[in-house]
Amino acid sequence: MTTPHRGTRPDSPVWHPFTQHATEPPPPMVSQTQGAYLATDRGQLIDAISSWWVITHGHRHPPIMDAIRDTAERLDQVIFAGLTHAPAEDLARALVDLAPPGLTRVFYSDSGSTCVEVALKMALGFWRNTGRPRHRIAVIEHGYHGDTIGTMSVGERGIFNASYEPLMFSVDRLPFPRGDGAGTLAIFETLAATGEMAALIVEPLVLGAGGMLMYGPEVLAGLRAICDRHGVLMIADEVMTGWGRTGRLWACDHAGVAPDILCTSKGLTGGAIPLAATIASEAVFQAHWSQDRSRTFFHSSSYTANPLACAAGLANARIWAAGGMQARLDAVGAMQADRLADLARDPRFANPRRTGTIAAIDLRADAAGYLAAAGPRLRAHALDRGVLLRPLGNTVYVLPPYCVTDADLDAVWGAIASFAG
Ligand SMILES: *Cc1c(COP(=O)(O)O)cnc(C)c1O
């Protein structure tokens with residue numbers, strides 16, 4: 001007997017993302033968001049995962065919501081091929097100012113997956129247009145870059161994408177860097193030296209969906225140096241790590257590294273509205289600049305540079321440009337560090353780790369079956385205590401909006417600590 005309505009509300013035709021409707025309980029209904037909180041029909045929740053990593057300052061951050069409201073008085077979607085508008089122009093200038101040095105051209109799209117697809121296409125276009133075609137892409141084990149066919153191809157393969165495997169293209173996988181990353185760097189050096197490597201795509205410092213796996217800035221700098229030696233383009237997927245998540249504006253900033261192409265989406269509008277940008281170096285842009293129309297960058301989304309989204313992005317960029325965010329990031333990092341240190345003493349947990357505002361720890365489990373079930377049970381346990389968590393397998397992580405308070409984090413980490421398994 002199936003239970004047709006599990007995982008969905010009884011009267012709902014909605015098919016939820018990453019949701020097994022046969023086994024998951026019906027979702028709470030959210031009626032309002034504010035700061036670190038979600039008001040639901042099951043009571044208030046602390047959003048300890050920033051609504052899947054998009055919310056930075058807090059839900060409905062006033063300057064961002066004001067920008068959307070003001071812009072809606074004048075503009076809605078406008079075709080962005082052959083026309084332009086102030087929100088897109090102003091945001092592009094602001095992004096170039098905030099981005100690591102050498103990134104000068106801003107291509108808009110609408111999600112993390114699409115801005116990564118754009119980056120991959122730019123890289124292949126660069127090599128084709130400069131007359132030395134290269135097609136290989138190097139990736140890091142356990143990486144995640146999105147759920148479209150192209151971004152799944154450059155991501156980790158597993159149960160999440162086994163059905164689509166026949167459609168995916170082949171890539172060169174580097175082992176996840178352990179310690180100083182010497183093993184990973186040596187393998188990359190050999191691959192890069194073949195002269196066939198078009199690009200390396202990395203999630204700088206933190207591999208998010210792969211389990212909040214962390215590596216050091218020196219590894220990122222080492223990868224950059226190899227790219228430089230062999231002319232390989234470096235694509236930094238900062239979709240999750242950007243906008244302060246790792247304790248600096250960009251994760252690349254920790255290593256003093258500038259990629260050739262940077263992808264940003266989740267926190268670009270503070271999480272209020274979808275938008276993405278692929279920010280490219282002048283060389284990548286120039287490779288597509290030609291009297292020969294076949295060298296055009298052939299890519300567009302219907303909602304490219306949506307004016308409301310660009311206005312939200314601009315309001316966010318101005319907050320970062322004004323300075324003052326560093327103190328908040330440091331404070332969130334310190335609060336997270338304290339609580340992580342407490343939990344690290346609990347024998348039921350292992351591998352405590354933190355980069356900036358992101359803290360993660362693994363639930364120890366003996367049997368694989370037990371391990372698989374622990375995540376959903378911890379999620380339900382936290383929900384009962386007014387905390388929204390979403391463990392990745394046996395990895396529990398807290399990735400809060402930056403407005404989070406000490407008391408909020410006490411409630412969040414308290415819910416994790418009180419989980420009996
Ligand atoms: C979430 C994520 C993506 C995909 O973004 P979507 O907006 O969900 O398509 C890509 N890369 C990284 C590193 C991400 O965390």
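Owing to the predicted nature of the structure, the values given are computational and were not obtained by experimental measurement.

1. Regarding the environment of G271
Alright, step 1. Relative to the elements of secondary structure, G271 occurs in the loop between strand 11 (261–264) and strand 12 (276–281).
Alright, step 2. C-alpha separation for the pair G271 and I64, spaced 207 residues apart in sequence, amounts to 9.4 Å.
Alright, step 3. Other than its neighbours up to four places away in sequence, G271 contacts V54, I55 and K266.

2. Examining the sheet that holds strand 14 (residues 358–363)
Alright, step 1. As summarised here, the arrangement of the three strands in space is 13-14-16, forming an open sheet in which the pairing is antiparallel. This sheet does not close on itself; its edge strands, each paired only once, are strand 13 (349–355) and strand 16 (395–398). Each strand axis lies, on average, 15° off the axis of its neighbour in the sheet, ignoring direction.
Alright, step 2. Bridging between strand 14 and strand 16 involves four bridges; their strand directions are antiparallel. Across the sheet, A360 pairs through a bridge with Y397, a residue of strand 16.
Alright, step 3. Those strands touched by helix 13 (residues 406–417) are strand 13, strand 14 and strand 16, and its axis lies near 170° from that of strand 16.

3. Considerations on the domain arrangement of the protein
Alright, step 1. By the assigned domains, the protein splits into domain 1 (62–321) and domain 2 (324–417).
Alright, step 2. Spacing between the C-alpha centres of domain 1 and domain 2 amounts to 27 Å.
Alright, step 3. Each partner contributes residues to the interface: domain 1 has 17 residues there, and domain 2 has 17 residues.
Alright, step 4. Summed over both partners, the interface of domain 1 with domain 2 comes to about 1400 Å²; 67% of that surface belongs to carbon and sulfur atoms.
Alright, step 5. The largest contributions to the domain 1 side of the interface with domain 2 come from M212, M214 and R245, which together make up 48% of the buried area.
Alright, step 6. In this structure, the connection of domain 1 to domain 2 is made through zero salt bridges.
Alright, step 7. Counting across the domain 1 and domain 2 interface gives seven residue pairs in polar contact (both at pLDDT 80 or more).
Alright, step 8. Listing elements by their share of the side of domain 1 that touches domain 2, those giving two or more residues are strand 9 (213–214) and helix 10 (307–321).

Thresholds, definitions, all that
- Residues numbered from 1 in each chain as written.
- Predicted model: local features only at pLDDT ≥ 70, side-chain atom pairs only at ≥ 80, totals over all residues.
- Heavy atoms only, no water.
- Helix = DSSP H or I, 4+ residues; strand = E, 2+ residues; numbered from the N terminus.
- Contact = heavy atoms within 4.5 Å.
- Pairing = 2+ DSSP bridges.
- Axes fitted to C-alpha atoms, helices over the stretch in contact; angles between N-to-C directions.
- Domains from an automatic or database assignment.
- Buried area = accessible area lost by both parts, 1.4 Å probe.
- Salt bridge = Lys/Arg side-chain N within 4 Å of Asp/Glu carboxyl O.
- Polar contact = N/O pair within 3.5 Å; in protein donor to acceptor, adjacent residues only side chain to side chain.

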